[in-house]
Amino acid sequence: MNPFAMMKDAKNMEKMMKPALEKFMKEAGFVKKDELEPMKRRIAELEAEVNKLKG
């Protein structure tokens, strides 16, 4: 067994699996934290606007 060949194989497997994993995570509803923060701020802004209109 050649450890260098094993590392090369592992890198190739990672290259193949990464797009599939990202697609799965996106379809399953997972989001990255840096994508979530702007959404949270926007939700807070919209809630504030709705509360002004109610009130």
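Notes on the structure follow. (Residues numbered from 1 in each chain as written. Predicted model: local features only at pLDDT ≥ 70, side-chain atom pairs only at ≥ 80, totals over all residues. Heavy atoms only, no water.)

A separate point is the overall build of the protein chain. In terms of helices and strands, the protein chain carries 2 helices and 0 strands. Its C-alpha radius of gyration of 21 Å places the protein chain more than 25% over the 10 Å reference for a compact globule of 55 residues. For the protein chain, the spread of C-alpha atoms along the three principal axes comes to 70 × 15 × 10 Å. Counting the 55 residues in the protein chain, one finds 0% classified as buried. Taken as a whole, the protein chain presents about 5,700 Å² of accessible surface, with 64% of it coming from carbon and sulfur. (Helix = DSSP H or I, 4+ residues; strand = E, 2+ residues; numbered from the N terminus. Rg over C-alpha atoms; globule rule 2.2 N^0.38 Å. Buried < 20%, exposed > 50% of the residue type's maximum accessible area, 1.4 Å probe, protein only. Areas by Shrake-Rupley, 256 points an atom, 1.4 Å probe, with all protein chains shown as cover.)

This next bit is on the pattern of salt bridges. Using the criterion set out here, one finds 3 salt bridges in the structure. We note a salt bridge from E37 to K40, for which the minimum N-O separation is 4.0 Å. Pair noted here: E37 and K40 are both in helix α2 (residues 33-54), with a separation of 3 residues, about one helical turn. The class of E37 is partly exposed, set by a relative accessible area of 30%. For the salt bridge of E45 with R42, the shortest nitrogen-to-oxygen distance reads 3.1 Å. Of this pair, E45 and R42 both sit in helix α2, 3 residues apart, which is roughly one turn of that helix. (Salt bridge = Lys/Arg side-chain N within 4 Å of Asp/Glu carboxyl O.)

The next thing to look at is helix α1 (residues 3-28). Three or four residues apart is the spacing at which side chains of an α-helix point the same way, because the helix has 3.6 residues per turn. Here α1 is 26 residues long and its end C-alpha atoms lie 35 Å apart, about the 38 Å a rise of 1.5 Å per residue gives. The axis of α1 is deflected most strongly, by about 30°, at M17, and proline P19 appears within four residues downstream. The residue sitting at the N-terminus of α1 and contributing the capping side-chain oxygen is N2; that oxygen lies 2.9 Å from the backbone nitrogen of F4. Looking one or two residues beyond α1, the residue adopting positive phi is G29, at roughly 100°. (Expected span 1.5 Å × (residues − 1). Bend = angle between axes of the 7 residues up to and from the residue. Polar contact = N/O pair within 3.5 Å; in protein donor to acceptor, adjacent residues only side chain to side chain.)

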